[in-house]
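Geometric and topological summary
Listed here are the chains, written in short residue letters.
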Amino acid sequence: MPGTVKTQPPPREARRAAIREILGGGGDGRNGAVASQAELRRRLRARGFKASQATLSRDMAVIGAQRAAGADGPRYLVDGDGGALPLEPVRRLVDGVDHSDTLVVVRTTARPASTVARALDEAHLDDVLGTIAGDDTVFVAPRRSREGDRLARRLRTLLGLE
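Residues numbered from 1 in each chain as written. Predicted model: local features only at pLDDT ≥ 70, side-chain atom pairs only at ≥ 80, totals over all residues. Heavy atoms only, no water.

**Some remarks on the nonpolar core**
Selection rule: Side-chain atoms within 4.5 Å are what join buried Ala, Val, Leu, Ile, Met, Phe, Trp, Tyr and Cys residues into a set we call a nonpolar core. Buried means the residue's accessible area, taken with a 1.4 Å probe over protein chains only, is under 20% of the maximum for its type, while exposed means over 50%, and partly exposed covers the values in between. Numbering goes from the N terminus for both helices and strands, where a helix is a DSSP run of H or I of at least four residues and a strand is a run of E of at least two. Residues count as neighbours in contact if any of their non-hydrogen atoms are within 4.5 Å of one another.
Ranked by size, the top nonpolar core spans 20 residues in total, and within it V106, L120, V140 and L155 carry the most contacts. Tallying contributions element by element places helix α5 (residues 113–122) first for this core, with 5 residues. Beyond its immediate chain neighbours, meaning those up to four positions away, L120 contacts L87, V106, L125, T131, V138, V140 and L155.

This is the structure we're talking about:
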């Protein structure tokens, strides 16, 4: 339509959308794994966005980006990939799964138990009530009592141990 002006999103919103896309793995031919803010700034610059470290930190806080340990090392996650760490990247962090009637214990390599617990919580598994993480151990509470065996089998399958 003649005379119609198409408005662009404010630079801040466009930059935040680009950050979401980069962290989600879209549009730049890369796998999306961003391990540092410096790397993210380089990718943003390649798209024509300039941002100071302070601005980038604020943007990442606003969009919910968080640094988490993954199977290939640390990376940033953001809502858009659900903010959730999928189970696939944490598989290599899990050493074993054991259970009693009322509790499942997930053993991890040293220190990533909180990452594994978060991935399990954010997977929203119907039969998991919740998790508690230590350093190398995650306690998983089954939603129903005496379901530890069944839940342990399911977690072994989901985590690639069977």
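Moving on, there is more to tell.
**Topic: unusual backbone geometry**
A positive phi angle is found at R111, which is not glycine, with a value near 80°. Tracing the backbone shows R111 in the loop between β4 (104–108) and α5. A relative accessible area of 66% places R111 in the exposed class. The backbone phi angle of H124 is positive, close to 50°, even though this residue is not glycine. Classification of H124 as exposed rests on a relative accessible area of 64%.

**Observations regarding the environment of D126**
Checked against the element boundaries, D126 lands in the loop between α5 and β5 (128–133). Relative accessible area serves as the criterion here: at 62%, D126 is assigned to the exposed category. Measuring from C-alpha to C-alpha, the distance between D126 and R143 comes to 7.6 Å, with 17 residues separating the pair along the chain. If we skip the residues at most four places from it in the chain, D126 touches R143 and R154.

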